[in-house]
Amino acid sequence: MRIAHKFGKAGLAAMVAAGALTTLAAGTAHADAAGIAATANSQLGNGPCTLGGYGYVPPSGMGNSCDGAGHKHESWCSDFASWVWGRNDVAFVKELTASAATFYDYGVRHGTLHRTPQVGDAIVWDYDASIDWARHVNLVTAVNGSSITVVGGNQSNSVTTYTINNAGIGSTSSTGQRISGFISPIFNGTTSNPSNLPAGTLVKSASSPTVKVIVGGAGLAVQGSDVDADHYDLSKIVTVGDAAFNALPAVPPNGTVVMDQSGTDNSRYVVVDGVALNIGGDDWVSGGYSTKPQMGVPTSWLRDATQRTLGTGVVVLDQSGADNSRYVMVGGAALPITGAEWDNDNYAARHSVGVPAAWLKAAAAKPVPDGTVVMDQHGADNSRYVMVGGAAAAISGTEWDNDGYNDRPLMGVPGAWLGRAAAAKPADGMLLKGESGADPSVYVTANGSALPLTVPEYNDVWANRATTGAPERWLAWIVAKPLANGTVITNASGQEATRYVMAGGKAVPLSGADFTALGYDQQPLRGVPGAWEATAAAKTAPSDGTMLLSPDNTTVWQVVNNGHKRPMATSEFGDGGYSFLDVVRVPTALTASLPNA
């Protein structure tokens, strides 16, 4: 359920921002449960007009056990109990009046209403929620197994004590009254463990202006902007000791379901290592999140928590169980762990954390960030790699030192994933240059190749894009790599609209009809540098060995003898031979222009 509070006084938001909060007044006696018992026991035998004839007055001032003339003024059980609590530095005692029901309301409001008696608790008898009324209230002064000792005022018009055996909700007294609930006090200034305070309790220490709200045992900072938007009432702050305040965990436990306290963001999130992960609609039930309490958190904290990234090395799994795989987080990406790697790479020794299925699917689709340096977690491959556009680029021994890779964190990753990444192509459209900076050339990636940019092209088209450094040896390899056959390209500047298909290093022009008839409208169209494209288009013929098929007939032609063609037999394809997958579909004009061998 959402933790909601009433609006505080005007200007309190500014007080949080400035740290100028007024702490609650300190009590005058013991500030713990034993102190409550001692104070109550010290009054045994007293009547309503004790304390010099002034009687027992609640800290709120709303009630008095004595009428000023030596007589009982009212049913004074609540006057006495609230006076005892007030003498022991209990927070929010001004909410208590001469009505015994205000103790029950206190427990509901602050989350301290419970079923198991503890020393210092108030016991409310015969509570009627329909009219917010209770018959009696007294205090627990001792607990011995299932038996408790209580002290109360207005018991035969005096402060008396008695024992209740088998005390619990519904237990009856000798007068037929029934226990409705036990209410624990919240103490000012001496709360030894504020983590145990009810969710939604605002706390601070005497020496710090910071206000925190308790959520799942953690203390989350409340910013000035949160006070009005999130309905935090700064008149209800529990002051705790400096050490306890500073020791509060900064994030709720893993698995805590949270929501924006202001209600502006209606999404639900689960906390994992301080990160708030969005819970999708399907995950709400399948992941079991619908059965957990929903905790309101400060808007500012949630905003920051949703922008954080799960730490590298955290092992995650699908909370719903639909996906049985395990993943390790690296730079915000979830990398799959094979069964063999689970044991061999010691992932089994790490704690696995359940996450929403939809979030996990998205994280598994993310690339590891550019510049991340990785290695095989198992150590079978001693090489080091740097991530470039989703590809793992090998780093030579010389580059390891000269390019500064040795100064970056080295992340262990599953070997199977690393093998795939090392064979992967970098993403299209990346601007690359040598990491060392010795070569000022800049290249743009297209289908696994790196194409050179002229200085004018860089300035006119590409200058607004970030440039990524890459190991020189790996970069030289993809620069030398011909753009793959069948790649469909166009001038990235838009100055020339012709579309081409690559065939043996030649850019073959495609008419509008060709583009559709040959099926290239179903393939990615990659932007390339105009100068490079013009050079490729000017080639007289594809390189020898290129296989071509045009729509005028079913003959597959192979380019031979520097631009001649020869027909290929069906028998040349198949096991141990050529593959039809390597045949490039080209316009008839190209095959017609090539002389027969």
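Structure shown above.
Residues numbered from 1 in each chain as written. Predicted model: local features only at pLDDT ≥ 70, side-chain atom pairs only at ≥ 80, totals over all residues. Heavy atoms only, no water.

**Q** Would you mind going over the state of the cysteines with me for this structure?
**A** Disulfide: a covalent bond connecting the sulfur atoms of a pair of cysteines. All chains considered together, the criterion is met by one disulfide. Between Cys-49 and Cys-66 runs a disulfide, and the two sulfur atoms are separated by 2.1 Å. For the disulfide bridge between Cys-49 and Cys-66, the dihedral angle about the S-S bond is near 95°, and by the sign convention the bridge is right-handed. Placement of Cys-49 in the loop between helix H2 (33-41) and helix H3 (77-86) and of Cys-66 in the loop between H2 and H3 is noted, with a sequence separation of 17 residues between them. Free cysteine: Cys-77, not disulfide-bonded; nearest cysteine sulfur from Cys-49 at 16 Å. A relative accessible area of 4% places Cys-77 in the buried class. (Disulfide = S-S within 2.5 Å. Helix = DSSP H or I, 4+ residues; strand = E, 2+ residues; numbered from the N terminus. Buried < 20%, exposed > 50% of the residue type's maximum accessible area, 1.4 Å probe, protein only.)

**Q** Mind showing me how you'd approach the side chain of Thr-490 here?
**A** Among the structural elements, Thr-490 can be located in strand S27 (residues 488-491). When near neighbours in sequence (up to four residues on either side) are disregarded, Thr-490 contacts Glu-496, Ala-497, Thr-498, Arg-499, Leu-525, Arg-526, Gly-527, Val-528 and Glu-533. (Contact = heavy atoms within 4.5 Å.)

**Q** Any chance you could explain the pattern of salt bridges here in plain terms?
**A** Oppositely charged side chains are able to pair whenever their charged atoms sit close together. The tally for this structure, following the rule as stated, stands at five salt bridges. Two residues, Asp-126 and Arg-135, come together in a salt bridge whose shortest N-O distance is 3.0 Å. Residues Asp-428 and Arg-526 are paired through a salt bridge, measuring 2.6 Å at the closest nitrogen-oxygen approach. Of this pair, Asp-428 sits in the loop between helix H12 (415-423) and strand S23 (431-434) while Arg-526 is found in strand S30 (residues 525-528), placing the two residues 98 residues apart along the sequence. A residue is classified by how much of its surface remains accessible, and Arg-526, at 15% relative accessible area, is buried. (Salt bridge = Lys/Arg side-chain N within 4 Å of Asp/Glu carboxyl O.)

**Q** Even after reading the chapter, I still don't get the sheet that holds S27, so can you show me in this structure?
**A** The strands making up a sheet associate through hydrogen bonds between their backbones, and the pairing can be parallel or antiparallel. The strand order S29-S28-S27-S30 describes an open sheet built from four strands, whose pairing is mixed. The open sheet has two edge strands with one neighbour each: strand S29 (506-510) and S30. This sheet shows a mean twist of 40° between the axes of neighbouring strands, independent of strand direction. Pairing analysis gives three bridges linking S27 to strand S28 (residues 499-503), with the strands arranged antiparallel. (Pairing = 2+ DSSP bridges. Axes fitted to C-alpha atoms, helices over the stretch in contact; angles between N-to-C directions.)

**Q** Even after reading the chapter, I still don't get the sheet that holds strand S1 (residues 113-114), so can you show me in this structure?
**A** Spatial strand order, S1-S6-S2-S3-S4-S5: six strands in an open sheet with antiparallel pairing. Looking along the sheet, the strands with just one partner apiece sit at the ends: S1 and strand S5 (160-164). As defined by bridge partners, S1 adjoins strand S6 (residues 179-183) across two bridges and the pair is classed as antiparallel. By the bridge assignment for S6, Leu-113 is matched with Ile-183. Across the sheet, H3 touches strand S2 (122-125), strand S3 (136-144), strand S4 (147-152) and S6, and the angle it forms with S3 is around 50°. Across the sheet, helix H4 (residues 101-110) touches S1, S2, S3 and S6, and the angle it forms with S6 is around 55°.

**Q** Looking at this structure, how should I read unusual backbone geometry?
**A** Negative phi characterises most residues that are not glycine, and trans characterises most peptide bonds. Of note in the backbone geometry, Asn-166 takes a positive phi value of approximately 50° without being a glycine. Position of Asn-166 relative to the elements: it lies in the loop between S5 and S6. Using a relative accessible area of 59% as the deciding quantity, one classes Asn-166 as exposed. With a phi close to 60°, Asn-562 is a non-glycine residue in the positive phi region. Structurally, Asn-562 can be placed in the loop between strand S32 (556-560) and strand S33 (564-567). Since its relative accessible area comes to 73%, Asn-562 is described here as exposed.

**Q** Would you take a moment to explain the pairing of strand S12 (residues 269-272) for this structure?
**A** Two faces belong to every sheet, and in a regular strand the side chains alternate between them. Here S12 shows no split at all, with Tyr-269 and Val-271 on one side and Val-270 and Val-272 on the other all buried. Examined bridge by bridge, strand S11 (residues 257-260) and S12 share two bridges and lie antiparallel to one another. Residue pairing across strands places Val-257 opposite Val-270, the latter belonging to S12. Looking at chain direction, S12 and strand S13 (residues 275-278) are connected through four bridges and run antiparallel.

The quantities given are spatial measurements derived from coordinates; they are silent on function.
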